[in-house]
Amino acid sequence: MSALTSLAQLQAADAGIAQPLATVRHCHVADAPLVLVPLKLAGEAAAPLAVMLGSAPDDASLLVVPQPRNRDLRFAFAADLAKLVLNHIETSRGAVEELPPGKEGEERIRYGNAPQFLVPNRGGVAFLRLLGRSTRFRSTEGPYAVDPAVPVLGRWLTWFAERYDHPGSSLLRAMTEVLRLHWATGQSSLEDGNLAALVGWIDPPDGLDGPAAAAQAEDPVVWPPAGPATDPTFDNEVLAPAIAAYDRSGGDPRTEERLRTAVASQLTPTWELMWRAVGLLRALPEGASVPGRWERDRDAFTYYHQTFGEAYPQARRDPPVRAARRLHDLERAQDAYDAQRAFDDPLVMAEYRLAGQAFGGTVTACEPERLDETGKRPKLRPRVRIATEDPVRLDVGTTVCNAARPALKGRIVELGGDGVLLELTGGMGRKLVPEPGTVPREGDRVVFTSLTEGSWGAAKFPDRENTPWTHGGPPEEYTPTDEDAEEEWS
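1. Quick look at the sheet that holds strand β8 (residues 172-174)
Thought 1: As summarised here, the arrangement of the five strands in space is β4-β3-β2-β7-β8, forming an open sheet in which the pairing is mixed. The sheet terminates laterally at β4 (61-64) and β8, the two strands that pair on one side only. When strand polarity is set aside, the average angle formed by the axes of neighbouring strands in this sheet is 20°.
Thought 2: As paired strands, strand β7 (residues 117-119) and β8 are joined by three bridges and run parallel to one another. Bridging across to β8, Val 119 finds its partner in Ala 174.
Thought 3: Together, β2 (34-40), β3 (48-54), β4 and β7 form the strand contacts of helix α2 (residues 71-91), whose direction differs from that of β3 by roughly 20°.

The structure is reproduced here in structure tokens:
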């Protein structure tokens, strides 16, 4: 936790309302996201009880498994869920955009939009991940055949769960994490995992402050848990008798309807909270780098959708080369995401200024047309001196860039009591005279940082067939087996 976050939490506790940690929204919010609020049976890792889903506040669909321990009912539930989710995926693609050819001259396209899934918390993400793993290998033939849509659903849920791990991706988001990225409350991070308490601090009801709203959220009668776990009292006093009555009746529709009503009472408050949270996020202006990250999400979605029918389901475990490449991609994405958030948002950049990775101040001296003539050809190397009170913990020779114009790069030449002397090295044009407005002038307020988007390039990995012997050698060609299908839903 940073010093600024700690300060914001103290201010929230003192003021009785959440304090902003960002001035802009650092994630994409779709016009019609698919909100999913799942519930599972207590004590069962992958026994779904219900899910409420839809892409508008007044368009909720409720799917319930009347007996979660019944395999046939679970897969019937999965088939119904698949139809709704896959329909949302297909209708969220938008128009096809034609892109310039790639490096090898191949034609490229990108869908104009992509589906976005929103769940209440990390538990909801874990449930979707497990649901995908438990359904993507299912056979559509034989004695235990499932609806053809079930394994398709499993593959898509697995893909969305993998994109959730990608820093900056907005395809699958947990609402508690997104809200905590933008606001600090006066409660602990554990308590922030309660969506009702978190929203209560950010947007308390009339007549209540944040602590009072959070205390009210602790009452499971007023605010049932946001899933996937259910309230133990509800389980013992309502759910268990309702399921038992359904079993005794042999599946009577009346007992099933009573069960649906009981489950709906647990899901509806969270459903309404989710859309309140969406409204809070939409009220924030979008960060400058968010559209670019959403483009990359759309690229990933387009590629997977286009190649969906050409590959097997995702393997249970990644082979060595794919695992190494995935880890490298995640690290690069995290590096870029951290820098982009800081460039977009002065509040985020302030944390790096406190940590000494960035500094801001006033330009006190400037040589905008200075040339370095020590080499064969002169180079444009302006120098600026910046008076700063920030704790600069960067070494002489460190490359930095301008927070407002990341393309403007420089090198620290001198650190002293009168400020930081920078020699600008790039982002000023190709001539020996800087482009107008590129070099800061005396009196300008500037911020420079060692953060750079894409500071390390893509690594080269061997082909699958050339996996080193130190990593097990070339893996066998992957083909799904019966063992892959032996997951928790069996």
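Okay, back to it.
2. Thoughts on the sheet that holds strand β14 (residues 399-402)
Thought 1: Spatially, β10-β13-β16-β15-β14-β17 is the arrangement adopted by the six strands of the closed barrel, whose pairing is antiparallel. The mean inter-strand angle of the sheet, taken between neighbouring strand axes irrespective of direction, is 45°.
Thought 2: With two bridges joining them, β14 and strand β17 (residues 445-449) adopt antiparallel strand pairing. Each bridged residue has a counterpart across the sheet, and for Asn 402 the counterpart in β17 is Phe 448.
Thought 3: Its contacts with the sheet put helix α12 (residues 346-355) on β10 (358-367) and β17, and the angle it makes with β10 is roughly 85°.

3. A look at the nonpolar core
As a rule of thumb, soluble globular proteins bury nonpolar side chains together.
Thought 1: Among the nonpolar cores identified, the biggest contains 47 residues, and Met 175, Leu 179, Trp 183, Leu 195, Leu 239, Val 263 and Leu 267 are the most heavily contacted of them.
Thought 2: Of all the secondary structure elements, the ones that give two or more residues to this core are β2, β3, β4, α5 (175-182), α6 (195-202), α7 (210-217), α8 (232-248) and α9 (253-282).
Thought 3: Apart from the residues within four sequence positions on either side, Leu 195 is in contact with Pro 120, Met 175, Thr 176, Leu 179, Ala 226, Thr 270, Leu 273 and Met 274.
Thought 4: Counting residues in each nonpolar core, the second largest holds 35 residues, with Val 51, Phe 77, Phe 117 and Ala 300 among its members.

4. Some details on the state of the cysteines
Thought 1: If you walk through the whole model with that rule in mind, you get zero disulfides.
Thought 2: Of the cysteine sulfurs around Cys 366, a residue in no disulfide, the closest is that of Cys 401, at 18 Å.
Thought 3: According to the relative accessible area criterion, Cys 366 is buried, its value standing at 18%.

5. A word on the packing of aromatic side chains
The relation between two aromatic rings is expressed through the spacing of the ring centres and the mutual angle of the planes.
Thought 1: This structure, assessed with the given rule, holds 13 aromatic pairs.
Thought 2: Measuring from centroid to centroid gives 5.7 Å for Trp 156 and Trp 159, while their planes differ by 85°, and the two rings are edge-to-face. A residue pair is termed a helical-turn pair when its members lie 3 or 4 positions apart in one helix, as Trp 156 and Trp 159 do in helix α4 (residues 149-164) at three residues. Each member of the pair, Trp 156 together with Trp 159, is buried.
Thought 3: When the ring of Tyr 304 is compared with that of Phe 308, the centres are 5.5 Å apart and the planes differ by 90°; the resulting orientation is edge-to-face. A single burial state applies to Tyr 304 and to Phe 308, both of which are buried.
Thought 4: When the ring centre of Phe 308 is taken as reference, the NZ or CZ atom of Arg 155 above it lies at 3.9 Å.
Thought 5: When the ring centre of Tyr 337 is taken as origin, the NZ or CZ atom of Arg 341, which lies over that ring, is 5.9 Å away.

The rules behind each value
- Along each chain, the written sequence defines residue order, and numbers are assigned to residues from 1.
- With the structure being a predicted model, the display of local features is reserved for residues of pLDDT at least 70 and the display and counting of side-chain atom pairs for 80 or more, all residues being used for whole-chain, interface and lining totals.
- As a rule here, side-chain values come from all non-hydrogen atoms in the structure, and water together with hydrogens is ignored.
- A pair of strands is treated as paired once DSSP finds two or more bridges between them.
- We count a stretch as a helix when DSSP gives it H or I for four or more residues in a row; a strand needs E for two or more, and each element gets its number in order from the N terminus.
- The axes used here are C-alpha line fits, helices contributing only the stretch in contact, and every angle between their N-to-C directions lies in the interval 0 to 180 degrees.
- Any two residues whose heavy atoms approach within 4.5 Å are treated as being in contact.
- Side-chain atoms within 4.5 Å link the members of a nonpolar core, which is a set of buried Ala, Val, Leu, Ile, Met, Phe, Trp, Tyr and Cys residues.
- Burial classes: relative accessible area under 20% of the type maximum marks a residue as buried, over 50% as exposed, and values in between as partly exposed (1.4 Å probe, protein chains only).
- The term disulfide is used for any two cysteine sulfur atoms that are within 2.5 Å.
- The criterion for an aromatic pair is that two Phe, Tyr or Trp rings (for Trp, the six-membered ring) have centres within 6.5 Å, with stacked assigned to planes under 30 degrees apart, edge-to-face to planes over 60 apart and tilted to the rest.
- Only Lys NZ and Arg CZ are tested; either one counts as a charge over a ring when it is within 6 Å of the ring centre and within 35 degrees of the ring normal.

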